[in-house]
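As a plain string of letters, each chain reads:
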Amino acid sequence: MVPKPNFPIIAVIGVINEDSKPPDKPAAADFETAISATGHGLFHYLLLLAGLPCCAATLFETSTLSYVLPSADCDLHLTLTDKGILNGVTYAGMIISAIPWGYLSDKLGRRKLLIYGYLLDALCVFMCALSQNVWTLIFFKFLGGFITCGPFAVLMSYLSEFHGTDHRSRVMMVIGMFFSLATISLPALAWFVIPKSWSFQMGSLVSLKSWQIFLAICGFPSFISGIAMIFFPESPKFLMSQGRNEEALRVFQTIFRINTGRSAADYPITDLVRELDTKKDAETAKIDKKAFGAFSFVKNICQSIPLLQETLLKKCVLVLSIQFCALLGLNTVRLWLPQLFSMVSDFESMPPLDDIDSDLCSMLSYSVNKSITNVQSIGTNNTCIPNVVNSTTYVNTIIVGCVGLVGYLIAGALINAVGCKNILIYGLCVSGCCGIGLFWARNSMTTVALSSLYTTIGSISSTALIGIVVNLFPTSLRTMTISLVMMFGRFGALIGNVVFPYLLQTGCLPPFLLIGLVEFACSFLCTLLPKGNESLQ
(Lines give C-alpha, C1' and ligand atoms only; values in the text may rest on other atoms or scores of the structure.)
Protein backbone atom coordinates (compact mmCIF):
# COMPACT_ATOMS: atom_id res chain seq x y z
CA MET A 1 0.00 0.00 0.00
CA VAL A 2 1.37 3.37 -1.14
CA PRO A 3 1.37 5.92 1.66
CA LYS A 4 -0.50 9.16 1.02
CA PRO A 5 1.69 12.20 0.66
CA ASN A 6 1.58 14.83 3.32
CA PHE A 7 0.96 17.67 0.74
CA PRO A 8 -1.67 18.08 -1.97
CA ILE A 9 -0.77 16.56 -5.32
CA ILE A 10 -2.42 19.45 -7.11
CA ALA A 11 0.01 21.81 -5.46
CA VAL A 12 2.97 19.79 -6.72
CA ILE A 13 1.54 19.73 -10.23
CA GLY A 14 0.98 23.46 -10.08
CA VAL A 15 4.57 24.12 -9.02
CA ILE A 16 5.96 21.84 -11.70
CA ASN A 17 3.87 23.47 -14.42
CA GLU A 18 4.84 26.96 -13.29
CA ASP A 19 8.55 26.14 -13.33
CA SER A 20 8.47 24.42 -16.74
CA LYS A 21 6.28 26.97 -18.56
CA PRO A 22 8.04 27.96 -21.82
CA PRO A 23 8.76 31.62 -22.46
CA ASP A 24 6.24 33.57 -24.50
CA LYS A 25 6.72 33.01 -28.24
CA PRO A 26 7.13 36.21 -30.26
CA ALA A 27 4.09 37.06 -32.36
CA ALA A 28 4.34 36.16 -36.05
CA ALA A 29 5.30 39.14 -38.20
CA ASP A 30 3.38 40.29 -41.25
CA PHE A 31 5.10 41.29 -44.48
CA GLU A 32 5.41 45.01 -43.70
CA THR A 33 7.03 44.28 -40.33
CA ALA A 34 9.38 41.69 -41.83
CA ILE A 35 10.54 43.85 -44.74
CA SER A 36 11.06 46.86 -42.45
CA ALA A 37 13.29 44.75 -40.21
CA THR A 38 15.64 44.05 -43.13
CA GLY A 39 16.55 47.74 -43.37
CA HIS A 40 17.07 49.61 -46.61
CA GLY A 41 20.49 49.37 -48.13
CA LEU A 42 22.82 47.61 -50.54
CA PHE A 43 20.39 44.87 -51.57
CA HIS A 44 17.76 47.38 -52.62
CA TYR A 45 20.30 49.46 -54.55
CA LEU A 46 21.52 46.36 -56.41
CA LEU A 47 17.93 45.37 -57.13
CA LEU A 48 17.13 48.78 -58.59
CA LEU A 49 20.36 48.68 -60.59
CA ALA A 50 19.23 45.38 -62.10
CA GLY A 51 15.90 47.02 -62.85
CA LEU A 52 17.58 49.63 -65.08
CA PRO A 53 18.15 47.34 -68.11
CA CYS A 54 14.70 45.83 -67.49
CA CYS A 55 13.09 49.25 -67.90
CA ALA A 56 15.29 49.98 -70.91
CA ALA A 57 14.29 46.67 -72.50
CA THR A 58 10.59 47.44 -72.11
CA LEU A 59 10.90 50.95 -73.52
CA PHE A 60 13.15 49.80 -76.37
CA GLU A 61 10.62 47.14 -77.35
CA THR A 62 7.87 49.71 -77.78
CA SER A 63 9.93 52.65 -79.07
CA THR A 64 12.76 51.52 -81.37
CA LEU A 65 10.64 51.53 -84.52
CA SER A 66 9.71 55.17 -84.02
CA TYR A 67 13.39 55.97 -84.72
CA VAL A 68 13.69 53.42 -87.51
CA LEU A 69 10.64 54.39 -89.56
CA PRO A 70 11.93 57.71 -90.97
CA SER A 71 15.12 56.01 -92.20
CA ALA A 72 13.44 52.80 -93.42
CA ASP A 73 10.78 54.73 -95.33
CA CYS A 74 12.09 53.84 -98.79
CA ASP A 75 13.66 50.47 -97.89
CA LEU A 76 10.30 49.08 -96.72
CA HIS A 77 8.05 51.31 -98.89
CA LEU A 78 6.13 52.55 -95.88
CA THR A 79 2.88 54.49 -95.94
CA LEU A 80 1.66 56.57 -92.99
CA THR A 81 -0.79 53.74 -92.26
CA ASP A 82 2.08 51.21 -92.22
CA LYS A 83 3.92 53.42 -89.75
CA GLY A 84 0.87 53.61 -87.51
CA ILE A 85 0.51 49.81 -87.58
CA LEU A 86 4.19 49.29 -86.80
CA ASN A 87 4.03 51.72 -83.89
CA GLY A 88 0.91 50.03 -82.52
CA VAL A 89 1.43 46.34 -83.27
CA THR A 90 3.65 45.84 -80.21
CA TYR A 91 0.77 46.99 -78.04
CA ALA A 92 -1.57 44.56 -79.82
CA GLY A 93 0.67 41.69 -78.68
CA MET A 94 0.75 43.11 -75.15
CA ILE A 95 -3.05 43.35 -75.01
CA ILE A 96 -3.57 39.72 -76.00
CA SER A 97 -1.03 38.37 -73.51
CA ALA A 98 -1.87 40.58 -70.50
CA ILE A 99 -4.23 38.21 -68.67
CA PRO A 100 -2.22 34.99 -69.29
CA TRP A 101 0.92 36.71 -68.00
CA GLY A 102 -0.94 37.96 -64.93
CA TYR A 103 -2.13 34.45 -64.19
CA LEU A 104 1.32 32.91 -64.67
CA SER A 105 3.07 35.45 -62.47
CA ASP A 106 0.61 35.02 -59.60
CA LYS A 107 0.89 31.22 -59.82
CA LEU A 108 4.47 30.46 -60.82
CA GLY A 109 6.23 33.44 -59.32
CA ARG A 110 7.81 36.69 -60.46
CA ARG A 111 11.46 35.70 -60.85
CA LYS A 112 11.08 32.84 -63.37
CA LEU A 113 8.93 34.91 -65.68
CA LEU A 114 11.37 37.81 -65.55
CA ILE A 115 14.24 35.52 -66.55
CA TYR A 116 12.54 33.62 -69.37
CA GLY A 117 10.45 36.58 -70.53
CA TYR A 118 13.38 38.91 -71.10
CA LEU A 119 15.52 36.23 -72.77
CA LEU A 120 12.70 35.38 -75.20
CA ASP A 121 12.14 39.08 -75.88
CA ALA A 122 15.82 39.45 -76.79
CA LEU A 123 15.39 36.66 -79.34
CA CYS A 124 12.40 38.45 -80.90
CA VAL A 125 14.33 41.72 -81.16
CA PHE A 126 17.22 39.99 -82.92
CA MET A 127 14.75 38.44 -85.37
CA CYS A 128 13.27 41.90 -86.04
CA ALA A 129 16.74 43.05 -87.02
CA LEU A 130 16.90 40.34 -89.69
CA SER A 131 13.52 41.29 -91.20
CA GLN A 132 13.62 42.12 -94.90
CA ASN A 133 10.05 43.34 -95.42
CA VAL A 134 7.34 45.14 -93.51
CA TRP A 135 5.18 42.07 -92.77
CA THR A 136 8.04 40.11 -91.22
CA LEU A 137 8.84 43.13 -89.09
CA ILE A 138 5.19 43.45 -88.04
CA PHE A 139 5.05 39.75 -87.06
CA PHE A 140 8.14 39.81 -84.82
CA LYS A 141 7.16 43.15 -83.25
CA PHE A 142 3.79 41.62 -82.42
CA LEU A 143 5.49 38.55 -80.95
CA GLY A 144 7.90 40.77 -79.00
CA GLY A 145 4.96 42.70 -77.56
CA PHE A 146 3.24 39.45 -76.66
CA ILE A 147 6.29 38.34 -74.68
CA THR A 148 7.45 41.61 -73.11
CA CYS A 149 4.05 42.42 -71.60
CA GLY A 150 4.55 39.89 -68.82
CA PRO A 151 8.01 40.89 -67.62
CA PHE A 152 7.02 44.55 -67.46
CA ALA A 153 3.92 43.97 -65.30
CA VAL A 154 5.85 41.46 -63.18
CA LEU A 155 8.76 43.90 -62.80
CA MET A 156 6.48 46.49 -61.19
CA SER A 157 5.18 43.99 -58.66
CA TYR A 158 8.59 42.40 -58.12
CA LEU A 159 10.38 45.66 -57.29
CA SER A 160 7.57 47.03 -55.10
CA GLU A 161 7.31 43.79 -53.11
CA PHE A 162 10.90 44.12 -51.89
CA HIS A 163 10.15 47.53 -50.36
CA GLY A 164 8.10 48.67 -47.39
CA THR A 165 5.37 51.28 -47.43
CA ASP A 166 7.82 54.12 -46.74
CA HIS A 167 9.79 53.46 -49.93
CA ARG A 168 7.22 51.96 -52.30
CA SER A 169 5.97 55.21 -53.87
CA ARG A 170 9.51 56.44 -54.39
CA VAL A 171 10.43 53.16 -56.06
CA MET A 172 7.75 53.83 -58.68
CA MET A 173 9.31 57.23 -59.31
CA VAL A 174 12.78 55.65 -59.59
CA ILE A 175 11.39 53.27 -62.19
CA GLY A 176 10.06 56.30 -64.03
CA MET A 177 13.55 57.84 -63.89
CA PHE A 178 14.93 54.66 -65.43
CA PHE A 179 12.45 54.97 -68.27
CA SER A 180 13.57 58.57 -68.73
CA LEU A 181 17.21 57.46 -68.89
CA ALA A 182 16.21 54.89 -71.49
CA THR A 183 14.33 57.59 -73.37
CA ILE A 184 17.55 59.62 -73.46
CA SER A 185 19.85 56.73 -74.38
CA LEU A 186 17.65 55.41 -77.21
CA PRO A 187 17.84 58.49 -79.47
CA ALA A 188 21.53 58.88 -78.57
CA LEU A 189 22.12 55.30 -79.73
CA ALA A 190 20.00 55.91 -82.84
CA TRP A 191 21.98 59.07 -83.56
CA PHE A 192 25.22 57.11 -83.37
CA VAL A 193 24.13 54.14 -85.52
CA ILE A 194 21.31 54.97 -87.96
CA PRO A 195 22.94 57.84 -89.94
CA LYS A 196 25.92 55.60 -90.72
CA SER A 197 26.11 54.16 -94.22
CA TRP A 198 26.70 50.63 -92.90
CA SER A 199 25.54 47.76 -95.09
CA PHE A 200 26.26 44.05 -94.74
CA GLN A 201 25.18 41.12 -96.88
CA MET A 202 24.43 37.79 -95.17
CA GLY A 203 24.03 35.27 -97.96
CA SER A 204 21.78 36.04 -100.89
CA LEU A 205 18.60 36.73 -98.93
CA VAL A 206 19.56 38.83 -95.93
CA SER A 207 21.06 42.29 -96.07
CA LEU A 208 21.61 44.48 -93.03
CA LYS A 209 21.62 48.25 -93.07
CA SER A 210 22.36 50.65 -90.26
CA TRP A 211 18.75 50.81 -89.01
CA GLN A 212 18.69 46.99 -88.72
CA ILE A 213 21.97 47.00 -86.81
CA PHE A 214 20.39 49.56 -84.50
CA LEU A 215 17.49 47.15 -83.88
CA ALA A 216 19.91 44.32 -83.08
CA ILE A 217 21.80 46.44 -80.54
CA CYS A 218 18.50 47.31 -78.85
CA GLY A 219 18.03 43.63 -78.00
CA PHE A 220 20.93 43.57 -75.53
CA PRO A 221 19.08 45.22 -72.59
CA SER A 222 16.56 42.35 -72.70
CA PHE A 223 19.35 39.78 -72.74
CA ILE A 224 21.19 41.49 -69.86
CA SER A 225 17.94 41.71 -67.86
CA GLY A 226 17.25 37.99 -68.17
CA ILE A 227 20.77 37.15 -66.99
CA ALA A 228 20.70 39.67 -64.12
CA MET A 229 17.47 38.33 -62.65
CA ILE A 230 19.08 34.91 -62.16
CA PHE A 231 21.06 36.34 -59.23
CA PHE A 232 18.05 37.67 -57.28
CA PRO A 233 15.57 35.74 -55.10
CA GLU A 234 11.86 35.28 -55.50
CA SER A 235 9.61 38.00 -54.08
CA PRO A 236 9.07 37.32 -50.34
CA LYS A 237 5.57 38.77 -50.57
CA PHE A 238 4.70 36.26 -53.28
CA LEU A 239 6.18 33.41 -51.22
CA MET A 240 4.11 34.40 -48.18
CA SER A 241 0.94 34.59 -50.28
CA GLN A 242 1.62 31.00 -51.39
CA GLY A 243 2.16 29.73 -47.82
CA ARG A 244 5.91 29.23 -48.41
CA ASN A 245 6.92 31.06 -45.25
CA GLU A 246 10.20 29.23 -44.68
CA GLU A 247 11.46 30.31 -48.10
CA ALA A 248 10.19 33.85 -47.50
CA LEU A 249 12.02 33.97 -44.16
CA ARG A 250 15.26 32.94 -45.84
CA VAL A 251 14.81 35.72 -48.38
CA PHE A 252 14.25 38.26 -45.59
CA GLN A 253 17.39 36.99 -43.85
CA THR A 254 19.39 37.33 -47.06
CA ILE A 255 18.20 40.91 -47.56
CA PHE A 256 19.04 41.69 -43.92
CA ARG A 257 22.52 40.19 -44.25
CA ILE A 258 23.35 42.14 -47.44
CA ASN A 259 21.92 45.41 -46.13
CA THR A 260 23.53 45.32 -42.68
CA GLY A 261 26.60 43.12 -43.13
CA ARG A 262 25.53 41.10 -40.10
CA SER A 263 24.81 37.39 -39.87
CA ALA A 264 21.44 36.12 -41.11
CA ALA A 265 20.99 34.62 -37.62
CA ASP A 266 20.79 38.16 -36.23
CA TYR A 267 17.62 38.87 -38.17
CA PRO A 268 15.12 39.65 -35.36
CA ILE A 269 12.10 37.86 -36.85
CA THR A 270 11.75 34.10 -36.62
CA ASP A 271 8.13 33.55 -37.61
CA LEU A 272 5.84 34.97 -40.28
CA VAL A 273 2.09 35.30 -40.49
CA ARG A 274 0.54 32.50 -42.52
CA GLU A 275 -1.41 34.16 -45.29
CA LEU A 276 -2.89 30.78 -46.15
CA ASP A 277 -4.96 30.52 -42.99
CA THR A 278 -6.23 26.94 -43.14
CA LYS A 279 -4.81 23.57 -43.99
CA LYS A 280 -7.38 23.31 -46.75
CA ASP A 281 -6.06 26.48 -48.34
CA ALA A 282 -2.51 25.15 -48.21
CA GLU A 283 -3.54 21.86 -49.82
CA THR A 284 -5.41 23.76 -52.52
CA ALA A 285 -2.29 25.83 -53.23
CA LYS A 286 -0.23 22.64 -53.65
CA ILE A 287 -2.81 21.18 -56.04
CA ASP A 288 -2.95 24.37 -58.07
CA LYS A 289 0.83 24.40 -58.29
CA LYS A 290 0.87 20.87 -59.72
CA ALA A 291 -2.10 21.34 -62.02
CA PHE A 292 -0.99 23.18 -65.12
CA GLY A 293 -3.39 22.78 -67.99
CA ALA A 294 -6.38 24.34 -69.69
CA PHE A 295 -8.70 23.56 -66.75
CA SER A 296 -6.27 25.02 -64.20
CA PHE A 297 -5.78 28.12 -66.36
CA VAL A 298 -9.51 28.84 -66.61
CA LYS A 299 -10.01 28.05 -62.93
CA ASN A 300 -7.32 30.44 -61.80
CA ILE A 301 -8.37 33.22 -64.17
CA CYS A 302 -11.41 33.33 -61.89
CA GLN A 303 -9.08 34.86 -59.30
CA SER A 304 -9.98 38.17 -60.91
CA ILE A 305 -13.68 37.65 -60.09
CA PRO A 306 -13.28 39.34 -56.66
CA LEU A 307 -12.66 42.48 -58.72
CA LEU A 308 -16.38 42.31 -59.54
CA GLN A 309 -17.27 42.83 -55.91
CA GLU A 310 -18.77 46.24 -55.28
CA THR A 311 -15.88 47.37 -53.07
CA LEU A 312 -13.32 46.70 -55.80
CA LEU A 313 -15.29 47.01 -59.05
CA LYS A 314 -15.63 50.80 -59.01
CA LYS A 315 -11.93 51.24 -58.25
CA CYS A 316 -10.96 48.73 -60.93
CA VAL A 317 -13.07 50.38 -63.64
CA LEU A 318 -11.76 53.78 -62.58
CA VAL A 319 -8.06 52.93 -62.78
CA LEU A 320 -8.58 51.09 -66.07
CA SER A 321 -10.27 54.14 -67.59
CA ILE A 322 -7.56 56.48 -66.35
CA GLN A 323 -4.77 54.35 -67.76
CA PHE A 324 -6.60 53.97 -71.08
CA CYS A 325 -6.89 57.74 -71.55
CA ALA A 326 -3.40 58.50 -70.19
CA LEU A 327 -1.53 56.08 -72.45
CA LEU A 328 -3.68 56.84 -75.49
CA GLY A 329 -2.34 60.37 -75.40
CA LEU A 330 1.14 59.70 -74.01
CA ASN A 331 2.25 56.83 -76.24
CA THR A 332 0.70 58.32 -79.36
CA VAL A 333 2.77 61.49 -78.95
CA ARG A 334 5.86 59.66 -77.67
CA LEU A 335 6.03 57.19 -80.56
CA TRP A 336 5.26 59.77 -83.22
CA LEU A 337 7.69 62.39 -81.92
CA PRO A 338 10.72 61.16 -83.93
CA GLN A 339 8.54 61.09 -87.05
CA LEU A 340 7.14 64.56 -86.30
CA PHE A 341 10.61 65.95 -85.61
CA SER A 342 11.81 64.33 -88.83
CA MET A 343 8.96 65.97 -90.73
CA VAL A 344 9.87 69.36 -89.26
CA SER A 345 13.56 68.82 -90.01
CA ASP A 346 12.73 67.71 -93.55
CA PHE A 347 10.68 70.87 -94.12
CA GLU A 348 13.31 73.19 -92.65
CA SER A 349 16.01 71.64 -94.86
CA MET A 350 14.11 72.72 -97.96
CA PRO A 351 14.47 76.16 -99.56
CA PRO A 352 11.83 78.60 -98.23
CA LEU A 353 8.47 78.11 -99.93
CA ASP A 354 6.44 81.28 -100.40
CA ASP A 355 3.09 79.48 -100.50
CA ILE A 356 3.61 77.54 -97.25
CA ASP A 357 3.70 79.00 -93.75
CA SER A 358 6.29 77.87 -91.21
CA ASP A 359 3.87 76.73 -88.50
CA LEU A 360 3.76 73.10 -87.37
CA CYS A 361 0.55 72.33 -89.26
CA SER A 362 1.99 73.53 -92.56
CA MET A 363 5.16 71.50 -91.99
CA LEU A 364 3.18 68.35 -91.30
CA SER A 365 0.91 68.88 -94.32
CA TYR A 366 3.96 69.24 -96.58
CA SER A 367 5.52 66.03 -95.25
CA VAL A 368 2.23 64.08 -95.49
CA ASN A 369 1.87 65.06 -99.15
CA LYS A 370 5.47 64.02 -99.77
CA SER A 371 4.83 60.61 -98.16
CA ILE A 372 1.81 60.07 -100.43
CA THR A 373 3.95 60.94 -103.45
CA ASN A 374 6.63 58.42 -102.36
CA VAL A 375 4.07 55.64 -102.07
CA GLN A 376 2.68 56.45 -105.50
CA SER A 377 6.21 56.16 -106.93
CA ILE A 378 6.34 52.43 -106.06
CA GLY A 379 6.19 50.41 -109.27
CA THR A 380 7.02 53.42 -111.42
CA ASN A 381 10.24 54.93 -112.63
CA ASN A 382 10.02 57.71 -110.05
CA THR A 383 12.57 57.64 -107.25
CA CYS A 384 11.53 57.41 -103.60
CA ILE A 385 12.77 60.53 -101.82
CA PRO A 386 13.92 59.58 -98.28
CA ASN A 387 13.21 61.80 -95.32
CA VAL A 388 16.07 63.92 -94.08
CA VAL A 389 16.97 62.53 -90.65
CA ASN A 390 19.67 64.81 -89.30
CA SER A 391 21.08 65.49 -85.87
CA THR A 392 18.24 67.90 -85.01
CA THR A 393 15.73 65.05 -84.89
CA TYR A 394 17.82 63.11 -82.37
CA VAL A 395 18.77 66.16 -80.33
CA ASN A 396 15.11 67.10 -79.95
CA THR A 397 14.16 63.64 -78.71
CA ILE A 398 17.11 63.65 -76.29
CA ILE A 399 15.88 66.98 -74.92
CA VAL A 400 12.45 65.42 -74.37
CA GLY A 401 14.09 62.57 -72.45
CA CYS A 402 16.18 64.96 -70.33
CA VAL A 403 13.10 66.97 -69.39
CA GLY A 404 11.45 63.71 -68.38
CA LEU A 405 14.39 62.79 -66.14
CA VAL A 406 14.28 66.16 -64.39
CA GLY A 407 10.54 65.80 -63.99
CA TYR A 408 10.92 62.44 -62.28
CA LEU A 409 13.58 63.82 -59.95
CA ILE A 410 11.18 66.57 -58.89
CA ALA A 411 8.24 64.18 -58.60
CA GLY A 412 10.29 61.71 -56.54
CA ALA A 413 11.13 64.46 -54.05
CA LEU A 414 7.56 65.75 -53.79
CA ILE A 415 5.41 62.64 -54.14
CA ASN A 416 5.08 61.86 -50.42
CA ALA A 417 4.26 65.47 -49.58
CA VAL A 418 1.95 66.18 -52.53
CA GLY A 419 0.45 62.72 -52.98
CA CYS A 420 -0.03 60.58 -56.08
CA LYS A 421 -3.63 61.73 -56.54
CA ASN A 422 -2.76 65.43 -56.71
CA ILE A 423 0.09 64.74 -59.12
CA LEU A 424 -2.36 62.91 -61.37
CA ILE A 425 -5.10 65.55 -61.28
CA TYR A 426 -3.07 68.71 -61.82
CA GLY A 427 -0.36 67.11 -63.93
CA LEU A 428 -2.75 65.65 -66.47
CA CYS A 429 -4.61 68.95 -66.72
CA VAL A 430 -1.35 70.72 -67.62
CA SER A 431 -0.51 67.91 -70.04
CA GLY A 432 -3.83 68.39 -71.82
CA CYS A 433 -3.12 72.10 -72.26
CA CYS A 434 0.27 71.28 -73.79
CA GLY A 435 -1.28 68.75 -76.18
CA ILE A 436 -3.78 71.21 -77.61
CA GLY A 437 -1.15 73.96 -77.53
CA LEU A 438 0.93 72.05 -80.09
CA PHE A 439 -1.62 73.11 -82.70
CA TRP A 440 -0.41 76.71 -82.35
CA ALA A 441 3.31 75.90 -82.31
CA ARG A 442 5.12 78.24 -84.72
CA ASN A 443 8.61 76.73 -84.69
CA SER A 444 10.58 73.65 -83.67
CA MET A 445 11.61 75.15 -80.31
CA THR A 446 8.00 75.61 -79.21
CA THR A 447 7.17 72.13 -80.47
CA VAL A 448 10.00 70.60 -78.42
CA ALA A 449 9.00 72.52 -75.27
CA LEU A 450 5.33 71.57 -75.42
CA SER A 451 5.94 67.95 -76.39
CA SER A 452 8.53 67.62 -73.58
CA LEU A 453 6.05 68.80 -70.97
CA TYR A 454 3.30 66.64 -72.42
CA THR A 455 5.27 63.39 -72.40
CA THR A 456 7.00 64.07 -69.07
CA ILE A 457 3.83 64.83 -67.11
CA GLY A 458 1.92 62.03 -68.82
CA SER A 459 4.65 59.51 -68.02
CA ILE A 460 4.89 60.61 -64.37
CA SER A 461 1.12 60.34 -64.04
CA SER A 462 1.04 56.85 -65.52
CA THR A 463 3.78 55.70 -63.13
CA ALA A 464 2.04 57.31 -60.15
CA LEU A 465 -1.14 55.44 -61.06
CA ILE A 466 0.71 52.11 -60.82
CA GLY A 467 1.83 53.12 -57.32
CA ILE A 468 -1.82 53.79 -56.40
CA VAL A 469 -2.88 50.40 -57.80
CA VAL A 470 -0.25 48.63 -55.67
CA ASN A 471 -1.85 50.14 -52.55
CA LEU A 472 -5.48 49.80 -53.62
CA PHE A 473 -5.60 46.08 -54.35
CA PRO A 474 -4.66 43.02 -52.26
CA THR A 475 -1.61 40.89 -53.01
CA SER A 476 -3.61 38.00 -54.47
CA LEU A 477 -5.04 40.34 -57.13
CA ARG A 478 -2.21 42.83 -57.47
CA THR A 479 -0.31 41.53 -60.48
CA MET A 480 -3.54 40.54 -62.23
CA THR A 481 -4.86 44.06 -61.68
CA ILE A 482 -1.64 45.69 -62.86
CA SER A 483 -1.76 43.48 -65.95
CA LEU A 484 -5.32 44.60 -66.65
CA VAL A 485 -4.39 48.24 -66.09
CA MET A 486 -1.46 47.98 -68.47
CA MET A 487 -3.61 46.06 -70.98
CA PHE A 488 -6.16 48.88 -71.11
CA GLY A 489 -3.36 51.44 -71.34
CA ARG A 490 -1.82 49.58 -74.26
CA PHE A 491 -5.22 49.27 -75.89
CA GLY A 492 -5.41 53.06 -75.71
CA ALA A 493 -1.89 53.33 -77.18
CA LEU A 494 -2.84 50.96 -80.01
CA ILE A 495 -5.95 52.98 -80.87
CA GLY A 496 -4.06 56.26 -80.70
CA ASN A 497 -1.23 55.13 -82.97
CA VAL A 498 -3.57 53.64 -85.57
CA VAL A 499 -5.93 56.63 -85.59
CA PHE A 500 -3.24 59.34 -85.48
CA PRO A 501 -2.01 58.97 -89.12
CA TYR A 502 -5.59 59.05 -90.40
CA LEU A 503 -6.23 62.23 -88.43
CA LEU A 504 -3.03 63.75 -89.84
CA GLN A 505 -4.35 63.17 -93.35
CA THR A 506 -7.72 64.78 -92.56
CA GLY A 507 -6.28 67.96 -91.08
CA CYS A 508 -3.97 69.37 -88.43
CA LEU A 509 -6.37 70.19 -85.61
CA PRO A 510 -8.00 66.72 -85.07
CA PRO A 511 -4.83 64.84 -83.92
CA PHE A 512 -3.85 67.53 -81.41
CA LEU A 513 -7.42 67.91 -80.23
CA LEU A 514 -7.47 64.16 -79.56
CA ILE A 515 -4.28 64.07 -77.47
CA GLY A 516 -5.35 67.13 -75.47
CA LEU A 517 -8.93 66.13 -74.67
CA VAL A 518 -8.04 62.63 -73.48
CA GLU A 519 -5.68 64.14 -70.89
CA PHE A 520 -8.43 66.46 -69.64
CA ALA A 521 -10.77 63.47 -69.37
CA CYS A 522 -8.07 61.57 -67.50
CA SER A 523 -7.58 64.47 -65.06
CA PHE A 524 -11.30 64.54 -64.28
CA LEU A 525 -11.40 60.78 -63.64
CA CYS A 526 -8.48 61.09 -61.20
CA THR A 527 -10.62 63.31 -58.94
CA LEU A 528 -12.73 60.20 -58.24
CA LEU A 529 -9.81 58.17 -56.84
CA PRO A 530 -9.86 57.35 -53.08
CA LYS A 531 -8.10 59.83 -50.85
CA GLY A 532 -4.71 58.93 -49.42
CA ASN A 533 -2.99 55.57 -49.81
CA GLU A 534 -6.01 53.46 -49.03
CA SER A 535 -4.89 49.86 -48.81
CA LEU A 536 -6.92 46.71 -49.09
CA GLN A 537 -4.22 44.30 -48.03
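Refer to the preceding data block for the structure.
Residues numbered from 1 in each chain as written. Predicted model: local features only at pLDDT ≥ 70, side-chain atom pairs only at ≥ 80, totals over all residues. Heavy atoms only, no water.

Student: Would you explain the overall build of the protein chain in this entry?
Tutor: Along the backbone of the protein chain there are 20 helices and two strands. Put simply, of all contacts in the protein chain between residues at least 6 apart along the chain, 83% involve residues at least 24 apart. (Helix = DSSP H or I, 4+ residues; strand = E, 2+ residues; numbered from the N terminus. Contact = heavy atoms within 4.5 Å.)

Student: I'm lost on the environment of Ile468 in this one. Help?
Tutor: On the secondary structure map, Ile468 appears in helix 18 (residues 444-472). Owing to a relative accessible area of 11%, Ile468 belongs among the buried residues under this scheme. In sequence terms Ile468 and Pro530 are 62 residues apart; their C-alpha atoms lie 9.4 Å from each other. When near neighbours in sequence (up to four residues on either side) are disregarded, Ile468 contacts Cys420, Lys421, Leu424 and Leu529. (Buried < 20%, exposed > 50% of the residue type's maximum accessible area, 1.4 Å probe, protein only.)

Student: Even after reading the chapter, I still don't get the packing of aromatic side chains, so can you show me in this structure?
Tutor: Each aromatic ring pair is summarised here by two numbers: the centre-to-centre distance and the angle between the ring planes. Applying the stated criterion across every chain yields a total of eleven aromatic pairs. For the pair Tyr158 and Phe162, a centre-to-centre distance of 4.9 Å together with 70° between the ring planes defines the contact as edge-to-face. Of the two residues examined, Tyr158 and Phe162, each falls in the buried class. The cationic tip of Lys196 hangs over the ring face of Phe192; the distance from NZ or CZ to the ring centre is 4.7 Å. (Phe/Tyr/Trp six-rings, centres within 6.5 Å; stacked < 30°, edge-to-face > 60°. Lys NZ or Arg CZ within 6 Å of the ring centre and 35° of its normal.)

Student: Help me out: how do you make sense of helix 16 (residues 391-418) in this one?
Tutor: Quick reminder: α-helices carry 3.6 residues per turn. Residues three or four places apart thus point the same way. Compared with the 40 Å implied by 1.5 Å per residue over 28 residues, the 38 Å span of helix 16 between its first and last C-alpha is a close match. Just downstream of helix 16, Gly419 is the residue with a positive phi angle, here 95°. (Expected span 1.5 Å × (residues − 1).)

Student: Could you clarify how one ought to interpret the pattern of salt bridges in this entry?
Tutor: Side-chain pairs of opposite charge can arise where the charged atoms are in close proximity. What the rule picks out here adds up to four salt bridges. Across the pair Glu161 and Arg110 runs a salt bridge, and its minimum N-O distance is 2.8 Å. Taken together, the residues Glu161 in the loop between helix 6 (134-160) and helix 7 (165-193) and Arg110 in helix 5 (residues 110-129) connect sequence positions 51 residues apart. The same class applies to Glu161 as to Arg110, namely buried. Taking the shortest distance from any N to any O, the salt bridge between Arg244 and Glu247 comes out at 2.9 Å. For Glu247, a relative accessible area of 30% gives the class partly exposed. (Salt bridge = Lys/Arg side-chain N within 4 Å of Asp/Glu carboxyl O.)

Student: Can you walk me through the nonpolar core in this structure?
Tutor: The tendency in soluble globular proteins is for nonpolar side chains to be buried as a group. The biggest cluster of nonpolar side chains holds 118 residues, and the ones touching the most others in it are Phe214 and Phe252. Ranked by residues supplied to this core, first place goes to helix 3 (residues 42-68) with 13 residues. Residues within four places of Phe214 in sequence aside, it is in contact with Thr64, Tyr67, Val68, Leu186, Leu189, Ala190, Val193 and Ile194. The next biggest cluster of nonpolar side chains, apart from the first, holds 14 residues, and it includes Leu337, Leu438, Phe512 and Val518. (Core = buried A, V, L, I, M, F, W, Y, C linked by side-chain atoms within 4.5 Å.)

Student: What is the right way to look at the environment of Asn416 in this model?
Tutor: With respect to the helices and strands, the residue Asn416 is situated in helix 16. On the accessibility criterion, Asn416 (43% relative accessible area) is partly exposed. Separated by 249 residues in sequence, Asn416 and His167 place their C-alpha atoms 9.6 Å apart. With sequence-adjacent residues up to four places away left out, Asn416 is seen in contact with Asp166, Ser169 and Arg170.

Keep in mind that these numbers describe shape and distance, not what the molecule does.
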